[in-house]
Amino acid sequence: MRADIVIVGSGCAGLYCALNLPKDKKIFIITKDIVEHSDSYLAQGGMCMLRDEDDFDSYFYDTMKAGHFENDTAAVETMIKSSPDVVKDLLEFGVEFARDEEGNLAFTKEGAHARKRILYHKDVTGKEITSHLYEECKQRDNIIIKEHWTMVDIICKEENTCYGIVVKKDDDTVDTIMADYTVLASGGIGGIYRYSTNYRHLTGDAIAVAIRHDIDLKDIDYVQIHPTTFYSEKEEDRSFLISESVRGEGAQLFNKNRHRFTDELLPRDILTHNIKKQMKKDDMNHVWLSMRPIEQEQLDKHFPNIVKHCKEHGYNVPKEMIPVVPAQHYFMGGIKVNLQSKTSMERLYAVGETACNGVHGKNRLASNSLLESMVFAKRAALDMTEQFDKIQMEEMNESQIELSLYDDLEQWNRDNKKMILDLIYESRNSRERNEEEKDV
């Protein structure tokens, strides 16, 4: 098979990238499950936006502080200043953000934000955005979307150039898609963890590809834990996220004796530490979250799906507290990219959670993920568009590709998981040793 661009992943980054590419280019989007089963659909809280120039310094500082000032400052500035442009696009695609009584965009506040700067649609902002991007993609004749197609590997030669991907199709056959450009937008790594808010099929496939082909990675050990997910004893359950916005609107955390033990609006990593410390002290598998401080009308209007989930599991909120526990949530590290989302391999881009441009630093600020994904997905699309007119693409003969390497995909996937977890462990230990040496 042949395409001008192949995009691996159908979350907001992959879809938005496709929509910003020329309409005369043949674009393949492949996705491991159905389109709707991407983590972009799960994002509850909202999406940040620079409301006015007066908020730039505050927004910049909040992002840097949450990231422990390890963020790439140029990437942070690019994201913030590009946010109005992304919102303009989304509104044109039909996305309906919440409005105030006068019809203006309404904003909410979440943990570690100094101001209200987060756009939202009830508690399903990610679904509202991504579903509209998906509908727009379906209207484009040049965009072909294949569900239940899984990237197994990339196709490259010794000169460090990507020529496309090896793919397992929905009929379990292995094939190739040759392309001038390949975009990795395959999401995070939650599927390799026991507790995660991610879909179980998101297993870091692009990260494994990068490890196998010596593509540069960055901050691979920076894995974010979300402080509050609904506690379930069932191991097969995906952890249901209780949005940051719930705490931003006033929800409070309590120990087993129903005493508050922390500031609920601390950055995620610090709050997670406090919750785990309290769980150990209480000898409990969870702590308690109360939504009593939130008015019933506001709760039903802003968080209907959270209320529904709690009631389906036997908790009558806000009258009753719910059990919550931290879970793996987001991957700040990933494939190292520049401000145009280019990787260290020619003709290969990475966007969304699978990429690392340095925006998030050590810890992601709430509601920056959707924005970051789309800002740098668009920059990738614009960069590819510019290169199409400048570069004569070299082709690769498909007969040179040895597909027998992928006969045992179960073992291949087991190896992928081990490679990723081993590298995260090694990177974390190396970083800790370096920190200890600095303290000596």
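A quick note: this is a predicted structure, and the numbers were derived from the prediction, not measured.

Cut-off values and rules
- Residues numbered from 1 in each chain as written.
- Predicted model: local features only at pLDDT ≥ 70, side-chain atom pairs only at ≥ 80, totals over all residues.
- Heavy atoms only, no water.
- Helix = DSSP H or I, 4+ residues; strand = E, 2+ residues; numbered from the N terminus.
- Rg over C-alpha atoms; globule rule 2.2 N^0.38 Å.
- Buried < 20%, exposed > 50% of the residue type's maximum accessible area, 1.4 Å probe, protein only.
- Contact = heavy atoms within 4.5 Å.
- Areas by Shrake-Rupley, 256 points an atom, 1.4 Å probe, with all protein chains shown as cover.
- Lys, Arg positive; Asp, Glu negative; His and termini not counted.
- Charge placed at Lys NZ, Arg CZ, Asp CG, Glu CD.
- Axes fitted to C-alpha atoms, helices over the stretch in contact; angles between N-to-C directions.
- Parallel < 35°, antiparallel > 145°, perpendicular 65-115°, else oblique.
- Nonpolar A, V, L, I, M, F, W, Y, C, P; charged D, E, K, R; others polar.
- Pairing = 2+ DSSP bridges.
- Core = buried A, V, L, I, M, F, W, Y, C linked by side-chain atoms within 4.5 Å.
- Disulfide = S-S within 2.5 Å.
- Phe/Tyr/Trp six-rings, centres within 6.5 Å; stacked < 30°, edge-to-face > 60°.
- Salt bridge = Lys/Arg side-chain N within 4 Å of Asp/Glu carboxyl O.

J.: Just checking my understanding: could you explain the overall build of the protein for this structure?
T.: Within the protein, the secondary structure is distributed over 11 helices and 17 strands. Taking 22 Å as the expected radius of gyration for a compact globule of 440 residues, we find that the protein reaches 22 Å, a close match to that expectation. Along the first, second and third principal axes, the C-alpha atoms of the protein reach 65 × 50 × 50 Å. Buried positions account for 56% of the 440 residues belonging to the protein. For the protein, the share of sequence-separated contacts (at least 6 apart) that also reach a separation of at least 24 residues comes to 71%. For the protein, the accessible surface area stands at approximately 19,300 Å², while carbon and sulfur atoms represent 44% of it. Both charge centroids of the protein, one from 57 positive and one from 78 negative side chains, sit 4 Å from each other.

J.: Please clarify how the packing of helix H3 (residues 73–92) against helix H10 (residues 369–388) should be interpreted in this entry.
T.: The axes of two packed helices give the description: the angle between them and the distance between them. Packing of H3 against H10 leaves a shortest axis separation of 8 Å and a crossing angle of 90 degrees. With respect to each other, H3 and H10 are oriented roughly perpendicular. Here H3 contributes Ala75, Thr78, Met79, Ser82, Ser83, Asp85, Val86, Asp89 and Leu90 to the contact with H10, which in turn contributes Leu371, Glu372, Met374, Val375, Phe376, Lys378 and Arg379. Looking at the contact of H3 with H10 residue by residue, the classes come out as 8 nonpolar, 3 polar and 5 charged.

J.: Explanation requested: the sheet that holds strand S10 (residues 223–230) in the structure shown.
T.: Taken together, 5 strands build an open sheet; the order of strands is S11-S10-S14-S13-S12 and the sheet is antiparallel. The open sheet is flanked by strand S11 (240–241) and strand S12 (252–254), the only strands paired with a single partner. Relative to strand S14 (residues 322–331), S10 runs antiparallel, the two being bridged by 6 bridges. Of the residues in S14, the one forming a bridge with phenylalanine 230 is valine 324.

J.: I would appreciate a short explanation of the nonpolar core in the present structure.
T.: Side chains that are nonpolar tend, in soluble globular proteins, to be buried together. Among the nonpolar cores identified, the biggest contains 58 residues, and Ile7, Met47 and Met374 are the most heavily contacted of them. Broken down by element, this core gets its largest block of residues, 10 residues, from H10. Sequence-distant contacts of methionine 374, defined by excluding residues within four places in its chain, comprise Cys12, Tyr16, Met47, Val86, Leu90, Ile129 and Leu133. Residues Ile154, Ala206, Ala210 and Phe331 belong to the second largest nonpolar core, which totals 33 residues.

J.: Hey, could you run me through the environment of aspartate 383 in this one?
T.: Following the sequence through the fold, aspartate 383 ends up in helix H10. The sequence separation of aspartate 383 and asparagine 255 amounts to 128 residues, and the corresponding C-alpha distance is 51 Å. Apart from the residues lying within four places of it in its own chain, the contact partners of aspartate 383 are Gln340, Lys342 and Tyr349.

J.: Could you clarify how one ought to interpret the pairing of S14 in this entry?
T.: Taken residue by residue, a regular strand's side chains alternate between the two faces of the sheet. Along S14, 10 of the 10 residues are buried, which leaves the element largely enclosed by surrounding structure. Bridge count between strand S13 (residues 287–290) and S14: 3 bridges; the pairing is antiparallel. The residue bridging leucine 289 from the neighbouring strand is isoleucine 322, located in S14.

J.: Mind showing me how you'd approach the environment of valine 287 here?
T.: Take valine 287: it is sitting in strand S13. Judged by its relative accessible area of 1%, valine 287 falls in the buried class. Considered as a pair, valine 287 and aspartate 415 are 128 residues apart in the sequence and their alpha carbons are 36 Å apart. Setting aside chain neighbours within four positions, we find valine 287 in contact with Leu253, Phe254, Phe261, Ile275, Gln278, Met279, Ile322, Pro323 and Val324.

J.: Can you walk me through the state of the cysteines in this structure?
T.: A covalent bond between the sulfur atoms of two cysteines is what we call a disulfide. Scanning the model with the defined rule gives 0 disulfides in all. Free of any disulfide, cysteine 156 has its nearest neighbouring cysteine sulfur in cysteine 162, separated by 6.7 Å. Free of any disulfide, cysteine 356 has its nearest neighbouring cysteine sulfur in cysteine 12, separated by 17 Å. Residue classification places cysteine 356 among the buried residues on the basis of a relative accessible area of 3%.

J.: For this particular structure, what's the right way to read the packing of aromatic side chains?
T.: Two descriptors summarise a pair of aromatic rings, namely the distance from one centre to the other and the angle between the planes of the rings. In the structure shown here, the tally under the stated rule is 6 aromatic pairs. Seen in terms of ring centroids, tyrosine 181 and tyrosine 349 are 5.8 Å apart; in terms of plane orientation they differ by 70 degrees. Their pairing is edge-to-face. A residue pair is termed long-range when its members are at least 10 positions apart, and tyrosine 181 in strand S8 (residues 174–184) and tyrosine 349 in strand S16 (residues 348–350) qualify at 168 residues. For tyrosine 181, a relative accessible area of 3% translates into the label buried.

J.: Would you mind showing me how to read the pattern of salt bridges here?
T.: Summed over all chains, the structure comprises 21 salt bridges. A salt bridge links aspartate 205 to lysine 32, with the nearest nitrogen and oxygen atoms 3.0 Å apart. Note that aspartate 205 is positioned in helix H5 (residues 205–212) and lysine 32 in the loop between strand S2 (27–31) and strand S3 (47–48), a separation of 173 residues in sequence. Using a relative accessible area of 13% as the deciding quantity, one classes aspartate 205 as buried. One salt bridge connects glutamate 244 with arginine 247, and the closest N-O pair in it is separated by 3.1 Å. Here glutamate 244 and its partner arginine 247 are both found in helix H6 (residues 244–248), 3 residues apart, which amounts to about one turn of the helix. Grouping residues by exposure puts glutamate 244 and arginine 247 together as buried. Among the charged side chains, a salt-bridge network with shared partners connects Asp52, Asp55, Asp62, Arg115 and Arg117.

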